[in-house]
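Architecture at a glance
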Amino acid sequence: MSFVSSPVVVRPPATTANIGPGYDALGAALSRYDEIELAVADHGLTVELAGEGAEDLPRDERHLLVRAARAAFDRLGGQPPGLRLRCVNRIPQARGLGSSSAAVVGGIVAARGLVENGTELLDDADALALAAEIEGHPDNVAPCLLGGVTIAWTDEGTGRAHATRMEPAAGVHPVICVPATRGYTAASRGLLPAEVPHAEAAANAGRAALLVRALTAAPELLLPATRDWLHQDYRRPSMPPSLELVDALRAAGIPAVVSGAGPTVLAFAPTPSTDDVEAIATKVAGSAIFAVTAVDVSTSGAVVIRERSRDQ
């Protein structure tokens, strides 16, 4: 193997997973991006961090992005003599918007970009499988790698992750409501029961199927399609304000779910505007609780770009 001499820049998107009834399966990429610059150095490791959570993240081999890049280099054939990493984090940390997925996928894609013919040596299917091994949840990493709306699953025999990508419908207008407080996947997942009633499982499966149609062809079905029986109510004790906002938005006819493991709330506005969602968020929890922002479904996943972005 041989390394390219110039740095690579990767912009992994934020993601939302567990969309309503699509627990551990459905995800989407969102138009908020971290920026990663990775270069081969003569020796050692240098890590420069800025933006969201920069003060709390390690600046050594423990950084998740570095760990992911190292794993990718191993799969590609060998480690470089040294690495220089620069990250600008714009995805909120521990809010259910895929900050860890962005680090994992960004590290893998950046490492692949630093190796001559890296995409041939580690194609997207292999990159997805590696990312899922590291992050643990294929529905989180799939949209970050592939963009758009994704369905992810794990092969029962091999344990290997797979995903398929779909284009979002033009009328899908995501709005994220990001709280000031953090949430943690492990604690939230620990509230889920080992078993659920058969009737609820059947209802959830039907709505998950409907959600695929709603996200890709019929946004007018998003309100019934985002009804969930499998995980959100069980997680209510860990994020009461978030579930209160979900309830209020749905009562007003606006489709809303918990994003990932929370505590961010994902709503689907009727138009590319935050007005309706912001009014309800302010009424329910006070304007200081949730930062409400309209985003798009990012049709591009994490790819190598050759110029550092000047904006988002």
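For the structure given in this document, a descriptive report is provided here. Here the structure is a predicted model, which means the values were calculated and not measured.

Let's talk about the packing of aromatic side chains
Geometry of an aromatic ring pair is reported as the spacing of the ring centres plus the angle between the planes. Evaluation of the coordinates by the stated rule reveals one aromatic pair. Centre to centre, the rings of Phe3 and Phe73 are 5.9 Å apart; their planes meet at 75°, and the pair counts as edge-to-face. Of the two residues, Phe3 sits in the segment before strand 1 (8–10) while Phe73 sits in helix 1 (residues 64–76), which places them 70 residues apart along the sequence. By relative accessible area, which is 26% here, Phe3 ends up partly exposed.

Remarks on helix 1
Between the first and last C-alpha of helix 1 there are 18 Å, a value that for 13 residues agrees with the 18 Å anticipated at 1.5 Å per step. Taken as a whole, helix 1 has its buried residues at Leu65, Val66, Ala68, Ala69, Arg70, Ala72, Phe73 and Leu76. Elements in contact with the buried residues of helix 1: strand 4 (35–41), strand 5 (44–51), strand 6 (82–89), helix 2 (99–113), helix 3 (118–121) and helix 4 (124–135). One or two residues past the end of helix 1 sits Gly77, with phi positive at roughly 130°.

Concerning the nonpolar core
Nonpolar side chains tend to gather and get buried jointly when the protein is soluble and globular. Ranked by size, the top nonpolar core spans 64 residues in total, and within it Leu38, Phe73, Leu85, Val105, Ile108 and Leu215 carry the most contacts. For Leu215, the contacting residues outside a window of four places in its chain are Ile19, Val149, Glu167, Pro168, Ala169, Val172, Leu222 and Phe268. Judged by nonpolar contacts, the second largest core, of 18 residues, contains Cys177, Ile254, Ala269 and Ala281.

Overview of the sheet that holds strand 7 (residues 149–154)
Taken together, the four strands give an open sheet; going across it, the order is 2-3-7-8, and neighbouring strands pair in antiparallel fashion. The two strands at the open ends of the sheet, each matched to only one other strand, are strand 2 (13–17) and strand 8 (161–166). In this sheet, neighbouring strand axes are inclined to one another by 35° on average, regardless of whether the strands run parallel or antiparallel. Pairing analysis gives five bridges linking strand 2 to strand 3 (residues 26–33), with the strands arranged antiparallel. Bridging from a neighbouring strand, Thr15 pairs with Ala29 of strand 3.

Structural notes on the layout of surface pockets
Of the pockets and cavities examined, the largest pocket occupies roughly 720 Å³. Contributing to the lining of the largest pocket are 43 residues, with Ala94, Gly98, Ser99, Ser100 and Ser101 lying nearest its centre. Of all the elements, helix 2 adds the most residues to the lining of the largest pocket, at four residues. Residue classes in the lining of the largest pocket are distributed as 14 nonpolar, 18 polar and 11 charged.

Calculation rules
Residues numbered from 1 in each chain as written. Predicted model: local features only at pLDDT ≥ 70, side-chain atom pairs only at ≥ 80, totals over all residues. Heavy atoms only, no water. Phe/Tyr/Trp six-rings, centres within 6.5 Å; stacked < 30°, edge-to-face > 60°. Helix = DSSP H or I, 4+ residues; strand = E, 2+ residues; numbered from the N terminus. Buried < 20%, exposed > 50% of the residue type's maximum accessible area, 1.4 Å probe, protein only. Expected span 1.5 Å × (residues − 1). Contact = heavy atoms within 4.5 Å. Core = buried A, V, L, I, M, F, W, Y, C linked by side-chain atoms within 4.5 Å. Pairing = 2+ DSSP bridges. Axes fitted to C-alpha atoms, helices over the stretch in contact; angles between N-to-C directions. 1 Å grid on protein atoms, 1.4 Å probe; cavity = no way out; pocket = protein on both sides within 12 Å on 5 of 7 lines; lining within 4 Å. Points joined across faces, edges and corners; volume = space filled by probe spheres on them. Nonpolar A, V, L, I, M, F, W, Y, C, P; charged D, E, K, R; others polar.

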